[in-house]
Each structure stands twice: as structure tokens, then as C-alpha cells.
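Structural overview
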Amino acid sequence: MLATMASETSFRSEERFTQEQFFQWIQERPARDRNHYELIGGRIVMSPPAGWPHSEIEVKLAARLQLYCERTKAGRAQGSSAGYDLPSGDTLEPDVSFISRERFAAGPAPQLGRFIRIVPNLAIEIMSRSSVHRDRVEKKEIYQRCGVDEYWIVDPVLREITVFALVGGRYDEGTTFTSGRVASPLLPELEVVVEDVFDED
């Protein structure tokens, strides 16, 4: 059963699940279910579709990351449907992510239709009304603990992108970009400009 969280327009299960149980539960969802599900702290967390402009921002960031990967051959870009079974026991689906060529080759090799069991080098989360606390606190802690090298939080309301870099096993205080090019310590050749990401024209 899913209980309503008072602070967010989302739901979190009272029952706890393993990653395998969560995967089986996902397989049993009806095809018409368009909600977003993750496993956090053993509990299934459901979020409703974020809608606009979340979807447009996601496409823009994924497109720029894909172009970077094609140009540099540095790794693989992933969209929001790529779920990651992380070593913490959590299963997260960042809106956009990147796996380096070296990390992908080291495996384990992804299996068709299953969640990826590789820790991404970069995870990007686009905040929505239902995800503020999860993105800023819960997911940040999980990504840090699992060794995600860089974590971006994209805020469509404030029109800003904050980049956290993993230093000595912990994320730094973060650098927030409100205009101009976003500087990525992990992917210095990646071309992302704040105005382009949030431009509604």
C-alpha cells in the first residue's frame, strides 16, 4: 500500500522491497501507468509525470550530452528510462545520466530490459514540485555514497543549474550557474548554456 506524503505530491510504500522485488513489482504495473517509480531506502516512491517544462529541459540536456558522447567517444548518455540498481540497495532513475566508456566496459554488462548495475559518472535531476526534497537531500546522499562523480540539480523555477563534484568521497558545496556556460569538472568539453536550457522560444 502506498501512503501519501504530506510534504510532496507523491507516494511512498510502507512495505520494504529488495531491488529484485522492486523489479518484479515494476513488471506487473499496467502499460497505461505513466507514473515514475524508484526504490529509495527500500521503499517504492511514486511521482506523477512532471509535465512541462521538465520534459523539454530533459530533452535539451540529453541531446547536448549525446552530442558530446558522439563527438568525444567518451561514454554513453542515458535518458530518464534508464534505471540504476545502485550498490546502496536503491534503484534510481536520473532524468539524464552519463556512463564513461571505461566504466561501461568494466561492467557488469547491462541485460535487456533490466536496470543497469553500473554506477553512472554523472547524474542529472530536474526538480519538480514533488521532488525537491528527494533531489536536494535523499538522492544527493545516495549518489554521493555510491560514487557518482558529478551530480547536477536543475531548478526550472529559479532557472539555475547547480553542479556538485565528488571530492574525497563527498560532494563539494556546489557551483550554481544562472547564466552562461555550465562548467563540468567531469566533462570539460560538454557544451551546456543556461539560457539555452531554459529558453522557452
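Structure's up top.
Described in the following lines is the structure provided in the data block.

About the cut-offs
- Residues numbered from 1 in each chain as written.
- Predicted model: local features only at pLDDT ≥ 70, side-chain atom pairs only at ≥ 80, totals over all residues.
- Heavy atoms only, no water.
- 1 Å grid on protein atoms, 1.4 Å probe; cavity = no way out; pocket = protein on both sides within 12 Å on 5 of 7 lines; lining within 4 Å.
- Points joined across faces, edges and corners; volume = space filled by probe spheres on them.
- Helix = DSSP H or I, 4+ residues; strand = E, 2+ residues; numbered from the N terminus.
- Nonpolar A, V, L, I, M, F, W, Y, C, P; charged D, E, K, R; others polar.
- Buried < 20%, exposed > 50% of the residue type's maximum accessible area, 1.4 Å probe, protein only.

A few words on the layout of surface pockets. Volume-wise, the largest pocket comes out at about 750 Å³. Taken together, 38 residues line the largest pocket, and the ones lying closest to its centre are Asn35, His36, Tyr37, Ser80 and Glu93. Among the elements of the structure, α1 (19–27), β3 (36–40), α2 (54–72), β9 (122–126) and α4 (132–146) are those that each provide at least two residues to the lining of the largest pocket. Grouping the constituent residues of the lining of the largest pocket by class yields twelve nonpolar, 14 polar and twelve charged.

What follows is about unusual backbone geometry. Here the residue pair glycine 107 and proline 108 is connected by a cis peptide bond, since its omega of 5° sits within 30 degrees of zero. The topology assignment puts proline 108 in the loop between α3 (101–106) and β9. A positive phi angle is found at arginine 159, which is not glycine, with a value near 55°. Take arginine 159: it is sitting in the loop between β10 (150–155) and β11 (160–167). By relative accessible area, which is 38% here, arginine 159 ends up partly exposed.

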